[in-house]
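This is what each chain is made of:
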Amino acid sequence: MTAPLEAMEDVLGLHDIRADQPVLFFIGSFLLRSVLVFGTLVVAICVTNFAIIATFIGAVFTVMVSLIFPAFIILKLQPSESGAGFKRQTDVSAATGLSWVESSWNVLLIFVGFFGMVSGVASIFFVN
């Protein structure tokens, strides 16, 4: 079983009934997998050009992983005073210990990332 399916079954509460009611677990798991396969079939029938999906996924996730997430993580996490773990802060400069130039640079990267993501998604519809 794959991790995403286990996570979805856990969210739906199927793992709680796994030992007590194995038949109900089997039926719920079967329905979940059937819905996922049927959803994939519907997307495959509706989208005739795979390049559209590939461009959309590339525009969104590449920008998020390479620009937005690293800058956001730097702005949101700060080592705690004890050195064990992290804590959240709301004030960017106080939270990260970064100068205003470094904080501004990370915020600019987030905005540039969002602009790149929006322009990449828009290129799907206007270029094709």
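Before reading further, recall that the structure is shown in the block above.
Residues numbered from 1 in each chain as written. Predicted model: local features only at pLDDT ≥ 70, side-chain atom pairs only at ≥ 80, totals over all residues. Heavy atoms only, no water.

*Asks:* What exactly am I supposed to notice about the nonpolar core here?
*Replies:* A general trend in soluble globular proteins is that nonpolar side chains are found buried together. In this structure, Ala59, Val60, Val63, Ile68, Met117 and Val121 together form the largest nonpolar core, which totals six residues. Broken down by secondary-structure element, the contributors of at least two residues to this core are α3 (50-76) and α5 (100-127). Considering every element that reaches this core, the biggest residue donor is α3, with four residues. With sequence-adjacent residues up to four places away left out, Val121 is seen in contact with Phe56, Ala59 and Val60. (Core = buried A, V, L, I, M, F, W, Y, C linked by side-chain atoms within 4.5 Å. Buried < 20%, exposed > 50% of the residue type's maximum accessible area, 1.4 Å probe, protein only. Helix = DSSP H or I, 4+ residues; strand = E, 2+ residues; numbered from the N terminus. Contact = heavy atoms within 4.5 Å.)

*Asks:* How should the packing of aromatic side chains be read in this particular structure?
*Replies:* The geometry of two aromatic rings is summed up by the distance between their centres and the angle between their planes. This structure, assessed with the given rule, holds one aromatic pair. Here Phe26 and Phe30 contribute two aromatic rings whose centre-to-centre distance is 6.4 Å and whose plane-to-plane angle is 20 degrees, an arrangement assigned as stacked. Linking Phe26 with Phe30, this pair stays in helix α2 (residues 22-46), spanning four residues, or about one helical turn. (Phe/Tyr/Trp six-rings, centres within 6.5 Å; stacked < 30°, edge-to-face > 60°.)

*Asks:* Sorry, what's going on with a nonpolar patch on the surface here?
*Replies:* Side chains of Val23, Phe26, Ile27, Phe30 and Leu31 sit close together on the surface and give an oily, nonpolar patch of about 550 Å² of accessible area. Within the element layout of this structure, Val23 appears in helix α2. (Patch = residues over 30% accessible without salt bridge, like charges linked within 9 Å, V, L, I, M, F, W, Y side chains within 5 Å. Areas by Shrake-Rupley, 256 points an atom, 1.4 Å probe, with all protein chains shown as cover. Salt bridge = Lys/Arg side-chain N within 4 Å of Asp/Glu carboxyl O.)

*Asks:* Can you help me understand the environment of Val43 in this one?
*Replies:* Relative to the helices and strands, Val43 is located in helix α2. Along the backbone, Val43 and Ile53 are 10 residues apart, and their C-alpha atoms lie at a distance of 9.8 Å.

*Asks:* Would you take a moment to explain a negative patch on the surface for this structure?
*Replies:* A cluster of like negative charges, contributed by Glu6, Asp10, Asp16 and Asp20, occupies part of the molecular surface. Mapped onto the secondary structure, Asp20 falls in the loop between α1 (3-11) and α2. (Lys, Arg positive; Asp, Glu negative; His and termini not counted. Charge placed at Lys NZ, Arg CZ, Asp CG, Glu CD.)

*Asks:* Teacher, can you tell me more about the packing of α3 against α5 here?
*Replies:* A pair of packed helices can be characterised by two numbers: the angle between their axes and the separation between those axes. Where α3 meets α5, the closest approach of the two axes is 9 Å, and the angle between their N-to-C directions is 175 degrees. Overall, the two elements α3 and α5 adopt an arrangement that is roughly antiparallel. (Axes fitted to C-alpha atoms, helices over the stretch in contact; angles between N-to-C directions. Parallel < 35°, antiparallel > 145°, perpendicular 65-115°, else oblique.)

*Asks:* How should I be thinking about the packing of α1 against α2 in this particular structure?
*Replies:* Two elements in contact, α1 and α2, have axes separated by 11 Å at closest approach and are oriented at 120 degrees. Looking at the two axes, α1 sits oblique to α2. In terms of crossing hand, the pair formed by α1 and α2 is right-handed. Contacts from Leu5, Met8 and Glu9 of α1 reach α2 at Phe25, Ser29, Leu32, Arg33 and Leu36. Its residues assigned to classes, the contact of α1 with α2 shows five nonpolar, one polar and two charged. (Left-handed = near helix turned anticlockwise from the far one by under 90°. Nonpolar A, V, L, I, M, F, W, Y, C, P; charged D, E, K, R; others polar.)

*Asks:* Could you clarify how one ought to interpret the side chain of Ser29 in this entry?
*Replies:* Inspection of the secondary structure puts Ser29 in helix α2. Excluding residues that lie within four positions of it along the chain, Ser29 makes contacts with Glu9 and Leu14.

*Asks:* What should I look at first to understand the environment of Ala54 in this one?
*Replies:* Within the secondary structure, Ala54 is located in helix α3. Owing to a relative accessible area of 36%, Ala54 belongs among the partly exposed residues under this scheme. Distance in space between the C-alpha atoms of Ala54 and Ile124 is 9.9 Å, their sequence separation being 70 residues.

*Asks:* I tried to follow α5 on my own but got confused; where do I start?
*Replies:* Side chains of residues three or four places apart in an α-helix project in the same direction, reflecting 3.6 residues per turn. Taking 1.5 Å of rise per residue, the 28 residues of α5 would be expected to cover 40 Å, and the 39 Å separating its terminal C-alpha atoms lies within 8% of that figure. Along α5, the residues that are buried comprise Ser103, Asn106, Ile110, Gly113, Met117, Gly120, Val121 and Ile124. (Expected span 1.5 Å × (residues − 1).)

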